[in-house]
Amino acid sequence: MIEEAAADERIILGEPSLKAGEVLYSLRDVSVEYGTRVGPVAAVDHVSLDIRKGEILGLVGESGCGKSTLGKAMLRMIARPGKISTGELWFDGVDLLKISEKNMRQIRGARLGMVFQDPMTSLNPLSKIVDHLTETIMTHESSVSEAAARDRAAQLIGRLGLREERIDDYPHQFSGGMRQRIMIALALALRADLVIADEPTTALDVIVEAQFLDLLRELRDEFDLTIVLITHNIGVVAEVADRVAVMYAGRLAELASVNDLFLDTKHPYGQGLLRAVPNIELDGAELYQMEGAPPNLLHTPTGCAFHPRCPAVMPVCSQHQPAFASIGRDHYTACWLYEDHPTGPEAHDE
Ligand code: SF4
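Residues numbered from 1 in each chain as written. Predicted model: local features only at pLDDT ≥ 70, side-chain atom pairs only at ≥ 80, totals over all residues. Heavy atoms only, no water.

Chemist: What should I look at first to understand the overall build of the protein chain in this one?
Modeler: When helices and strands are counted, the protein chain shows 10 helices and 12 strands. Long-range pairs, those at least 24 residues apart, make up 65% of the contacts in the protein chain with a sequence separation of at least 6. Counting only carbon and sulfur atoms, one obtains 50% of the accessible surface of the protein chain, whose full area is about 16,900 Å². (Helix = DSSP H or I, 4+ residues; strand = E, 2+ residues; numbered from the N terminus. Contact = heavy atoms within 4.5 Å. Areas by Shrake-Rupley, 256 points an atom, 1.4 Å probe, with all protein chains shown as cover.)

What follows is the structure, given as structure tokens:
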């Protein structure tokens, strides 16, 4: 049965060209559900994704597409009534869903860092920056003295473009862009391998945003960091990402290198997102607006969840969910335009 075959393929995102050691974090068939009075809602729906060592992966989509939930799931930070209902989270050879919360706490914060949209929610307003940094270092590395932790903290702050003496200031004494740098410093204080940054530039003006994106690139190169950059702003990922994953209604719609995604987008949703980006070269042209709105996840459309909004919709689209499958080197999409489907090739509306 084709439906079953599609479901089976959907959970496999093999990248046979990758060598062992090139993948730092691997999500396999990950779903996140929230219990509601009318039943479970899948905020993330069977997502499989390999994150490569040293890359900046952009994770994009409209509000409610599941991208932030996926980031939290990677850190095992889904709060009740949510839960990770299926899947595996492989980080450096360990399935994070199989380890105790105590062990997870050691990994979270030490090897997996986080940067959120509003750093004030993560920084204690009553503690100086030096206290945040030294406490983080000494909690995870008990052999480090307070003086050594302070030295390391000051060096980090300096590396991130802040004056070292400002380490004795409180969070409210910094601007939004500076606070985001401090959040990065907290992740780097423990030499994190992977940083998940959720909408880190949303509250920044365009100049500070550009500086912050430059900094991310420099830190990736200098510290061999791997970064997952979650954003609704596809222009931000164009600036800084190596690869881009597009999410829609809790599922992956497309995954490709940043060049392929911007120059040869395959999925009609990704094409719509790109057309909606303002272009200063198109003077006076009306900005494209995608039809409709993202679905209510209580009632996700059958088949391809994008079909009620899709300009290329075909009869098969509302009946069967397309598999997330390879359509070229390092390029994946979930769309019936690129694979044979149960109603036959004559149903293609080209
Ligand atoms: Fe559009 Fe169909 Fe492709 Fe979905 S599967 S994006 S509805 S063409």
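There's more to say after this.
Chemist: What is the right way to look at the pattern of salt bridges in this model?
Modeler: Should the charged atoms of two oppositely charged side chains come close, the side chains can pair. This model, assessed by the stated rule, comprises 20 salt bridges. For D193, the salt bridge identified is with R111, shortest N-O distance 2.6 Å. Here D193 is found in the loop between α6 (176–189) and β7 (194–198), whereas its partner R111 is found in the loop between α3 (101–107) and β6 (112–115), with 82 residues between them in sequence. Residue class for D193 comes out partly exposed when judged on its relative accessible area of 24%. For E141, the salt bridge goes to R152, with nearest N and O atoms at 2.8 Å. Taken as a pair, E141 in the loop between α4 (129–140) and α5 (146–159) and R152 in helix α5 lie far apart in primary sequence, 11 residues in all. Overall, the relative accessible area of 23% leaves E141 in the partly exposed class. Residue R152 is classed as buried on the basis of its relative accessible area of 16%. Overlapping salt bridges bring together R76, E101 and R108 as one network. (Salt bridge = Lys/Arg side-chain N within 4 Å of Asp/Glu carboxyl O. Buried < 20%, exposed > 50% of the residue type's maximum accessible area, 1.4 Å probe, protein only.)

Chemist: How should the sheet that holds strand β2 (residues 39–52) be read in this particular structure?
Modeler: Through backbone hydrogen bonds, the strands of a sheet pair up, either in parallel or in antiparallel fashion. Strand order in the open sheet made by the 4 strands is β2-β1-β4-β5, with antiparallel pairing throughout. Across the chains shown, the open sheet's two edge strands, defined by having one partner strand only, are β2 and β5 (94–95). As judged from the 2 bridges shared by strand β4 (residues 82–91) and β5, these two strands associate in the antiparallel manner. Residue W90 lies in a different strand from β5, and its bridge partner there is D95. Sitting on the sheet, helix α2 (residues 67–74) touches β1 (23–36), β2 and β4, and the angle it makes with β1 is about 115 degrees. (Pairing = 2+ DSSP bridges. Axes fitted to C-alpha atoms, helices over the stretch in contact; angles between N-to-C directions.)

Chemist: Would you mind going over the site of the ligand with me for this structure?
Modeler: Taken together, H267, P268, C304, F306, H307, C310, A312, C317, C335, W336 and L337 make up the full set of residues near the ligand. For the shell around the ligand, a count of residues per class yields 9 nonpolar, 2 polar and no charged. (Near = heavy atom within 4 Å. Nonpolar A, V, L, I, M, F, W, Y, C, P; charged D, E, K, R; others polar.)

Chemist: Where do I start with the side chain of R166 in this structure?
Modeler: In this structure, R166 sits in the loop between α5 and α6. A polar contact is formed between the side chain of R166 and the side chain of D169, at a distance of 2.8 Å. At 2.7 Å, the side chain of R166 and the backbone oxygen of Q173 are in polar contact. In contact with R166, other than residues within four places in its own chain, are Q173, F174 and M178. (Polar contact = N/O pair within 3.5 Å; in protein donor to acceptor, adjacent residues only side chain to side chain.)

Chemist: What's the story with the sheet that holds strand β12 (residues 331–333) in this structure? I'm lost.
Modeler: Strand order in this open sheet of 8 strands is β6-β7-β8-β3-β9-β10-β12-β11, and the pairing throughout is mixed. The outermost strands of the open sheet, each flanked by one partner alone, are β6 and β11 (325–328). Adjacent strand axes in the sheet meet at a mean angle of 20 degrees, parallel and antiparallel pairs treated alike. Two elements, strand β3 (residues 56–60) and strand β9 (residues 243–248), share 4 bridges in a ladder whose sense is parallel. By the bridge assignment for β9, L59 is matched with A245.

Chemist: How should the confidence of the model for the protein chain be read in this particular structure?
Modeler: Parts of the prediction with low pLDDT should not have their coordinates interpreted in detail. The predicted model of the protein chain averages 85 in pLDDT, with 89% of residues at 70 or higher. Looking across the protein chain, the model is least confident in helix α1 (residues 2–10), with a mean pLDDT of 35, and most confident in strand β10 (residues 251–257), with 97. For the stretch residues 344–350, pLDDT sits under 50, and the model shows 10 contacts to residues farther than four places along the chain or on other chains. (pLDDT = per-residue confidence, 0-100.)

Chemist: Please clarify how α4 should be interpreted in this entry.
Modeler: Look at α4: 17 Å from first C-alpha to last across 12 residues, which is about the 16 Å you get at 1.5 Å a residue. Regarding α4, the residues found buried are I129, V130, H132, L133, T134 and I137. Looking at the buried residues of α4, the elements they touch are α5 and α6. (Expected span 1.5 Å × (residues − 1).)

Chemist: What is the right way to look at the environment of R111 in this model?
Modeler: For R111, a relative accessible area of 31% gives the class partly exposed. Excluding residues within four positions of it along the chain, R111 makes contact with F91, D92, Q106, A192, D193 and L194. Polar contacts involving the side chain of R111 include one to the side chain of D92, which spans 2.9 Å.

Chemist: I tried to follow helix α7 (residues 206–223) on my own but got confused; where do I start?
Modeler: Over its 18 residues, α7 extends 25 Å from the first C-alpha to the last, a length consistent with the 26 Å expected when each residue adds 1.5 Å. Those residues of α7 that sit buried are E209, F212, L213, L215, L216, L219 and R220. For α7, the angular spread of the buried residues around the axis is 160 degrees, confining them to a single face. Along α7, the residues that are exposed and aim more than 90 degrees away from the buried face are I207 and D221. In this structure, the buried residues of α7 make contact with β3, α5, α6, β8 (226–231) and α8 (234–240). At the C-terminal side of α7, D224 shows a positive phi close to 55 degrees. (Arc of directions from axis to C-beta.)

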